[in-house]
Amino acid sequence: MLFETIKMNAVPDTRRIRRSEIFTGGEKEISLCGIRGETVSAQIILTSLRDFTVAEYRVKMSDLVTEEGDAIPSSAAEFFNEKYIKIWNPSFEKTAERTSPLCADEYPDALIPMESALAARENILFPGLNQGIWISLALPENAKKGVYKGKVTISIGEENAEVPVTVRVFGVQMPKELHARSLYEIWYYLIGLGENGKDDLALEEKYYEYLVQRRINPTSVPVKGYKNYTEFADYLVRFAKDERVCDYRLPSVVKQEGERLYVDSDEAKAVLCALAEKQKSLRAAGDMTTDLFAKGFWYTIDEPDYGDHMADVPAAEKALIRAKEEAAALYPEFAESILKVRHVMVTQFLHPECAGSDAAGGIQTWCVQVHRLASDQKYAADGKEMSAREFIGWRRKNPDNKAAGEDIWFYHCNQPENPFPTDMIDDNLIALRLLTWMQFSLDVSGILSWCVNYYQKYSEIGVTPRNVWEDPVTIGRCNGDGFLLYPGARYGIDGPIGSIRLEAVRASKQDYECFYLLGELLKDFGADRKKRYDARKIVSSLLSPLVHKDVIPVIDGKESEVFARNREKLLSLLEALAEKDGRAADLLKNID
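The model shown is predicted, which means the values in this text are computed figures rather than measured ones. (Residues numbered from 1 in each chain as written. Predicted model: local features only at pLDDT ≥ 70, side-chain atom pairs only at ≥ 80, totals over all residues. Heavy atoms only, no water.)

Enquirer: Explain the overall build of the protein chain here, please?
Expert: Helix and strand counts for the protein chain stand at 14 helices and 30 strands. For the protein chain, whose C-alpha radius of gyration is 25 Å, the value lies close to the compact-globule estimate of 25 Å for 592 residues. Along the three orthogonal principal directions, the C-alpha set of the protein chain runs to about 80 × 65 × 55 Å. The buried share of the protein chain, taken over its 592 residues, is 59%. (Helix = DSSP H or I, 4+ residues; strand = E, 2+ residues; numbered from the N terminus. Rg over C-alpha atoms; globule rule 2.2 N^0.38 Å. Buried < 20%, exposed > 50% of the residue type's maximum accessible area, 1.4 Å probe, protein only.)

Enquirer: Where do I start with the sheet that holds strand β8 (residues 77-87) in this structure?
Expert: What links the strands of a sheet is backbone hydrogen bonding, and the strands pair in either a parallel or an antiparallel sense. An order of β1-β3-β11-β8-β9 is seen for the five strands of this open sheet, with the pairing classed as antiparallel. Only two strands of the sheet have a single partner each, and these edge strands are β1 (6-12) and β9 (105-113). On average, each strand axis in the sheet is tilted by 30 degrees relative to the strand beside it, whichever way the strands run. When β1 meets strand β3 (residues 39-48), the two strands line up antiparallel, connected through seven bridges. Counterpart to N9 in the pairing with β3 is I45. Helix α11 (residues 500-529) rests against β3, β8, β9 and β11 (130-138) of the sheet, and its axis sits at about 70 degrees to β9. (Pairing = 2+ DSSP bridges. Axes fitted to C-alpha atoms, helices over the stretch in contact; angles between N-to-C directions. Contact = heavy atoms within 4.5 Å.)

Enquirer: Would you mind showing me how to read the sheet that holds strand β24 (residues 446-449) here?
Expert: With parallel pairing, seven strands are arranged side by side in an open sheet as β14-β24-β23-β20-β19-β18-β15. Both edges of this open sheet fall to β14 (181-184) and β15 (248-249), since each of them pairs with a single strand only. Judged from the five bridges that link them, strand β20 (residues 365-369) and strand β23 (residues 407-412) form a sheet pairing that is parallel. The partner of W366 across the bridge, within β23, is I408. Its contacts with the sheet put helix α10 (residues 435-442) on β14, β23 and β24, and the angle it makes with β23 is roughly 155 degrees.

Enquirer: Help me out: how do you make sense of helix α3 (residues 201-212) in this one?
Expert: Working note: α-helix, 3.6 residues per turn, so residues spaced by three or four point in the same direction. End to end, α3 covers 16 Å across 12 residues, agreeing with the expected 16 Å (1.5 Å per residue, within 8%). Among all positions in α3, only L203, E204, Y207, Y208, Y210, L211 and V212 are buried. On the buried face of α3, the contacting elements are β14, α2 (191-194), α4 (229-241), β27 (486-487), β28 (496-497) and α11. (Expected span 1.5 Å × (residues − 1).)

Enquirer: What's the story with the layout of surface pockets in this structure? I'm lost.
Expert: Unfilled space is identified by rolling a water-sized probe across the atoms. For the largest pocket, the calculated volume is near 1,200 Å³. Around the largest pocket, the lining is made up of 47 residues, and of these P12, T14, R15, S560 and E561 lie nearest the centre. When residues of the lining of the largest pocket are assigned to their parent elements, the largest contribution, eight residues, is made by helix α13 (residues 559-578). Partitioned by chemical class, the residues of the lining of the largest pocket number 18 nonpolar, 11 polar and 18 charged. Taken as a whole, the second largest pocket encloses approximately 730 Å³ of empty space. Taken together, 33 residues make up the lining of the second largest pocket; nearest its centre are W187, Y299, D302, Y411 and W450. (1 Å grid on protein atoms, 1.4 Å probe; cavity = no way out; pocket = protein on both sides within 12 Å on 5 of 7 lines; lining within 4 Å. Points joined across faces, edges and corners; volume = space filled by probe spheres on them. Nonpolar A, V, L, I, M, F, W, Y, C, P; charged D, E, K, R; others polar.)

Enquirer: Whenever I open this one, the side chain of S265 confuses me. Can you help?
Expert: Examined against the element boundaries, S265 turns out to sit in helix α5 (residues 265-284). Take S265: its relative accessible area is 8%, and that puts it in the buried class. Among the polar contacts listed, one links the side chain of S265 to the backbone oxygen of A319, at a separation of 3.1 Å. Those residues within four positions of S265 in sequence are excluded, and the remaining contacts are A319, R322 and A323. (Polar contact = N/O pair within 3.5 Å; in protein donor to acceptor, adjacent residues only side chain to side chain.)

Enquirer: Where do I start with the packing of aromatic side chains in this structure?
Expert: For any pair of aromatic rings, the description rests on two quantities: the centre-to-centre distance and the angle between the ring planes. This model, assessed by the stated rule, comprises 21 aromatic pairs. Here Y454 and Y458 contribute two aromatic rings whose centre-to-centre distance is 5.4 Å and whose plane-to-plane angle is 15 degrees, an arrangement assigned as stacked. The partly exposed category is assigned to Y458, whose relative accessible area is 35%. Between the aromatic rings of W469 and Y486, the centroid separation amounts to 4.6 Å while the plane-to-plane angle is 35 degrees, which identifies the pairing as tilted. Taken together, the residues span a long stretch of sequence, with W469 in the loop between β26 (462-465) and β27 and Y486 in strand β27 at a distance of 17 residues. Looking at Y486, the relative accessible area reads 0%, which means it is buried. Each residue in the set W187, Y189, W450, Y454 and Y458 is aromatic and connected to the rest through ring pairs, giving one cluster. It is R501 that lies over the ring of F483; its NZ or CZ is 5.3 Å from the centre. Note that R536 overlies the ring of F440, its terminal NZ or CZ placed 4.5 Å from the centroid. (Phe/Tyr/Trp six-rings, centres within 6.5 Å; stacked < 30°, edge-to-face > 60°. Lys NZ or Arg CZ within 6 Å of the ring centre and 35° of its normal.)

Enquirer: Sorry, what's going on with empty space enclosed by the protein here?
Expert: On inspection of all chains with the given rule, the structure shows four cavities of 30 Å³ or more. Taken as a whole, the largest cavity holds about 60 Å³ of empty space. Around the largest cavity sit E78, F80, L111, S136, Y210, R214, G498, E503 and R506, which together line it. Secondary structure elements with two or more residues in the lining of the largest cavity: β8 and α11. Tallied by class, residues from the lining of the largest cavity come to three nonpolar, two polar and four charged. The volume enclosed by the second largest cavity comes to roughly 50 Å³.

Enquirer: Got a minute to help me understand the packing of α13 against helix α14 (residues 583-591) in this structure?
Expert: For any two helices packed against each other, one specifies the inter-axial angle together with the distance between the axes. In the contact formed by α13 and α14, the axes pass within 8 Å of each other and the chain directions differ by 150 degrees. Taken together, the axes of α13 and α14 lie roughly antiparallel to each other. Crossing angle aside, the handedness with which α13 passes α14 is left-handed. Facing K569, S572, L573, E575, A576 and L577 of α13, the residues of α14 in contact are R583, A584, L587, L588 and I591. Class assignment of the residues belonging to the contact of α13 with α14 gives a composition of seven nonpolar, one polar and three charged. (Parallel < 35°, antiparallel > 145°, perpendicular 65-115°, else oblique. Left-handed = near helix turned anticlockwise from the far one by under 90°.)

Enquirer: Even after reading the chapter, I still don't get the nonpolar core, so can you show me in this structure?
Expert: Proteins that are soluble and globular tend to have nonpolar side chains buried together. I30, L137, V152, I154, F410 and L518 are the most contacted members of the largest nonpolar core, which totals 172 residues. With 11 residues, α11 is the largest single contributor of residues to this core. Excluding its chain neighbours within four sequence positions, the residues that come into contact with L518 are A535, I538, V539, L570, L573, L574 and L577. In this structure, F297, V344, W409 and L448 belong to the second largest nonpolar core, which totals 14 residues. (Core = buried A, V, L, I, M, F, W, Y, C linked by side-chain atoms within 4.5 Å.)

Enquirer: Got a minute to help me understand unusual backbone geometry in this structure?
Expert: Among all residues except glycine, the phi angle is most often negative; among peptide bonds, the trans geometry is most common. For the peptide bond that leads from Q415 to P416, omega is 5 degrees, which places it in the cis range. In this structure, P419 follows N418 across a cis peptide bond, with omega equal to 20 degrees. By the secondary structure assignment, P419 is in the loop between β23 and α9 (429-433). Notably, E56 is not glycine yet its phi reads approximately 60 degrees, a positive angle. Structurally, E56 is set in the loop between β4 (54-55) and β5 (57-61). Under the relative-accessibility criterion, E56 is labelled partly exposed at 30%. Positive phi is not limited to glycine here, since D382 has a value of about 55 degrees. Mapping D382 onto the fold places it in the loop between β21 (378-381) and β22 (384-387).

Laid out in structure tokens, this is it:
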């Protein structure tokens, strides 16, 4: 029998199994849990023990059914062939604190829809090597809570093998509105570079929608949707109304004069006035709720501490404040919304010296690299030394009374390096999953990622095109930096192809929605008992065995098991709170 010489292991979606890795900890059945409206994932790793190639495996899932007869249809499952990317040189130099594999190998990353993999004849098992199958299961919004069982069937020719599947659906609903704020930049002008020259509005919108469907908020709306500020305002209405979208970037107003970077206040005012005029027309047409300003933000000077432009920061902030105040005076009916438009200052380091009022040009939205917020980082601020947590708490109080308040975000680019969380192909997958847990624990509002489709590279001769399927290095040793999407043209797909890393981000965003639900449910639970419960402390407690120094994942071989167990505790608590079940109090005590 063919399957007697093929090992099949179920692996959680927090692990990445290399092509030639001899691994332990696989299971004989798939076990998943989630809430209604969530997409949950697992992997099946096939390893051929034969000395010849085995071709054309196929996979399908049965309906998943409870003992009471409730069903999740087989159509809720999607299957992807894991495509392996060759890493010749690890992303990180070997040091004592590293926790990533630090070895050359083929790493699974791109997720090829199974029908496309079949058409490309890539459904092949090579002797002695691993081949992953990624399974995504969309739990229906109307699914009844309970334990659902079924099977995945893998076929090779006339032979079949089965992997049992158990899914626990908790009696909680995933929100439709997005609360997990993020800015993942699509560099629209690079789409054609990967898509064989094709680059039109329809394709830009497919890239945008691909992220939004996964609860990942793109930084900017498609650029081919407008040619001027009036058209931008017209195009923006659909995104302002879309509850799956939480933020969008306003057109850049940063300019350069010699060595100085500055914000053109008149241009910024023109953008705001175009939005206000469109909003007036919406009100005249009877739309009294759409707010074009609420999700808007400006991305100001990019990494001013890298380009020696920190001296330009206060003037840039003050120019945006001036533009908002002038536009608000022209449109007093929208003044409150206009004055709350945010401006994100992305820096490599945390700069307490840039704290200050609107009049002083203090930073409105701090956006710093993750490792700058580790618990061992100390900052001189407000006349004393502060930890990162203390600094966040201080600025959260808006001590300078900014009109738009103050905010703080994580910034992800080719820094930090392992052992901090990165999005490199050869890093620990669970690190990306934990990023929103760290974010919520630290009271950080969102995550900004510099690019998801960087289909070119930085090299000794400058910026050059590349084939990301064959060359994962973006700059230096960074394997996968700047691209979480692959161009679909290679497989005849009119749109992007996702990755295992992107699915980890998606799952982390869903986790954040559970944290949001926890906070909302605890308000009612606490009010009934005249006691205040802190969702942030509860999430921090669940996270504590998985990180140290607040932002460094613990990688000890048990992390996926611990994560799954603690996530299930969270979902059990959510269900008990939602159903006003007496178990909730005991579950809270057990977590604390």
